[in-house]
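Working through the structure, step by step
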2 protein chains.
Amino acid sequence: MNALGRHILAEIYGCDAAILNNRNLIEKIMVESALEAGAEVREVAFHKFSPQGVSGVVVISESHLAIHTWPELGYAAVDVFTCGEKVNPWDACNYLTERFKAKHMTATEVKRGVFEEPVKVANL
Amino acid sequence: MNALGRHILAEIYGCDAAILNNRNLIEKIMVESALEAGAEVREVAFHKFSPQGVSGVVVISESHLAIHTWPELGYAAVDVFTCGEKVNPWDACNYLTERFKAKHMTATEVKRGVFEEPVKVANL
């Protein structure tokens, strides 16, 4: 099985509400987490919602990191999609969990762009 | 089970290579797909890679849409994350599949931000 990328969906609970509601800080931590994973940052786009919550994305050479926060629930939905062997998406997830002072993190890794090898038929 | 959001991971194969390599067109189609789903667009960030491929994200009030394309493989990795009842992420996926002239699309929906109801203990 050949996969082009690894996509981690992380559920981060019990986070510091003030951090989750701070747009500039979330952007800074997300960019840092990308660098922590060994990625190269290309574009960023973040948005602060009223009355609360932040959404944002970091486009990296190796794909992207995205976040949506619910400060009132202490919850952040994060996904980290990386391609190639040089970056480790789990490093980004672990960094975010630590910086958000989270109590719990659960995550699932999904393989993306799976191209099966053609079936080999023996010459009988 | 109460979920805050729905996150669709779509594998889109057999797409038109010229479309997948056109940054401006990909951005236009992605924004249109967000509107098709009933979403409100907040921010966009797209990047063209050399020699080929486009990555980009549309931040919407209801979360985000992201794409990474491999024109040489006719493949696009898309994810659409939406919150609330007013938007249907599948409308965006179906729109993209059609506009990319894709031969195949497979997708998985993941519930995000699942908060179980507290366990009720009977007063015995």
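Every value quoted in this text rests on a predicted model; they were computed, and no experiment measured them.

1. Digging into the packing of aromatic side chains
Working definition: an aromatic ring pair is given by the centre-to-centre distance plus the angle between the planes. The full count for this structure, using the stated rule, is eight aromatic pairs over all chains. Taking 5.5 Å as the distance between ring centres and 40° as the angle between the ring planes, the aromatic pair formed by B:Trp70 and B:Tyr75 counts as tilted. Grouping residues by exposure puts B:Trp70 and B:Tyr75 together as buried. Through pairs of rings, three or more aromatic residues link up here, namely A:Tyr13, A:Trp70, A:Tyr75 and B:Phe115.

2. Overview of the nonpolar core
Ranked by size, the top nonpolar core spans 28 residues in total, and within it A:Ile12, A:Ile26, A:Met30, A:Leu65, A:Ile67, A:Val78 and A:Phe100 carry the most contacts. Going through the elements one at a time, strand 1 (2–13), helix 1 (17–20), helix 2 (23–36), strand 3 (54–60), strand 4 (63–70), strand 5 (75–83) and helix 3 (89–99) of chain A are the ones with two or more residues in this core. Contacts of A:Ile26, omitting those with residues within four sequence positions, involve A:Ile19, A:Leu20, A:Phe46, A:Val54, A:Ile67, A:Thr69 and A:Phe100. Judged by nonpolar contacts, the second largest core, of 27 residues, contains B:Ile19, B:Val54, B:Val58 and B:Ile67.

3. Re the pairing of strand 4 of chain A
Residues and elements named next belong to chain A. Of all eight residues that make up strand 4, eight are buried, and the element is covered over most of its length. As judged from the six bridges shared by strand 3 and strand 4, these two strands associate in the antiparallel manner. The residue of strand 4 that forms the bridge with Gly-56 is Ile-67. Connecting strand 3 to the antiparallel partner strand 4 that follows it, the hairpin turn spans two residues. Bridge analysis of strand 4 against strand 5 gives eight bridges, and the strand direction is antiparallel. If you follow Ile-67 over to strand 5, its bridge partner there is Val-78. Hairpin connection of strand 4 to strand 5: four residues between the antiparallel strands, including Gly-74 at a positive phi of 65°.

4. Description of the relation of the copies chain B and chain A
The two chain copies are related to each other by a rotation about an axis together with a translation along it. Under the fitted operation, chain B is carried onto chain A by 0.0 Å of movement along the axis and a turn of 180°, and the coordinates agree to an RMSD of 0.1 Å. A rotation of that kind, with that shift, is consistent with a two-fold axis. When C-alpha positions in chain B are compared against the rotation axis, the closest is assigned to B:Ala45, at 3.1 Å.

5. What about the sheet that holds strand 4 of chain A?
Residues and elements named next belong to chain A. Within the open sheet, the six strands sit side by side as 2-3-4-5-1-6. Their pairing is antiparallel. Both outer strands of the open sheet, strand 2 (41–48) and strand 6 (104–115), are each paired with one neighbouring strand and no more. Strand after strand, the sheet turns through a mean of 10° between neighbouring axes, direction not considered. Bridge count for strand 1 against strand 5 is eight bridges, and the pairing is antiparallel. Opposite His-7, over in strand 5, you have Phe-81 as the bridge partner. This element, helix 2, spans strand 2, strand 3 and strand 4 of the sheet and lies at about 155° to strand 2.

6. Re the packing of helix 2 (residues 23–36) of chain B against helix 3 (residues 89–99) of chain B
All names here are of chain B. It is at 8 Å that the axes of helix 2 and helix 3 come closest, and there the two elements cross at 145°. Judged by the sense of rotation from one axis to the other, the crossing of helix 2 with helix 3 is right-handed. Every residue of helix 3 that contacts helix 2 at Leu-25, Ile-29, Met-30, Glu-32, Ser-33 and Glu-36 is listed here: Asp-91, Ala-92, Tyr-95, Leu-96 and Arg-99. Partitioned by chemical class, the residues of the contact of helix 2 with helix 3 number six nonpolar, one polar and four charged.

7. Structural notes on the UniProt feature "active site" in chain A
Within this numbering scheme, the UniProt entry marks A:Ser63, A:His68 and A:Cys83 as carrying the feature "active site". Lining residues of the largest pocket drawn from the annotated set just named are A:Ser63 and A:Cys83. As for its position among the elements, A:His68 is in strand 4. Beyond its immediate chain neighbours, meaning those up to four positions away, A:His68 contacts A:Val54, A:Ser55, A:Tyr75, A:Ala76, A:Ala77, B:Ser63, B:His64 and B:Phe81.

8. Focus: the pattern of salt bridges
Under the counting rule described, the total for this entry stands at 14 salt bridges over all chains. Here B:Glu109 ties to B:Lys111 by a salt bridge, and the two come within 2.9 Å at their closest N and O atoms. On the basis of relative accessible area, B:Lys111 is assigned to the partly exposed category, the value being 39%. Among the charged side chains, a network of salt bridges with common partners joins A:Arg6, A:Glu109 and A:Lys111.

Quick notes on the rules
- Residues numbered from 1 in each chain as written.
- Chains lettered and ligands numbered in written order.
- Predicted model: local features only at pLDDT ≥ 70, side-chain atom pairs only at ≥ 80, totals over all residues.
- Heavy atoms only, no water.
- Phe/Tyr/Trp six-rings, centres within 6.5 Å; stacked < 30°, edge-to-face > 60°.
- Buried < 20%, exposed > 50% of the residue type's maximum accessible area, 1.4 Å probe, protein only.
- Core = buried A, V, L, I, M, F, W, Y, C linked by side-chain atoms within 4.5 Å.
- Helix = DSSP H or I, 4+ residues; strand = E, 2+ residues; numbered from the N terminus.
- Contact = heavy atoms within 4.5 Å.
- Pairing = 2+ DSSP bridges.
- Least-squares fit on C-alpha atoms with pLDDT ≥ 70 in both.
- Axes fitted to C-alpha atoms, helices over the stretch in contact; angles between N-to-C directions.
- Left-handed = near helix turned anticlockwise from the far one by under 90°.
- Nonpolar A, V, L, I, M, F, W, Y, C, P; charged D, E, K, R; others polar.
- UniProt positions renumbered as here; feature names shortened; annotations may be inferred.
- 1 Å grid on protein atoms, 1.4 Å probe; cavity = no way out; pocket = protein on both sides within 12 Å on 5 of 7 lines; lining within 4 Å.
- Salt bridge = Lys/Arg side-chain N within 4 Å of Asp/Glu carboxyl O.

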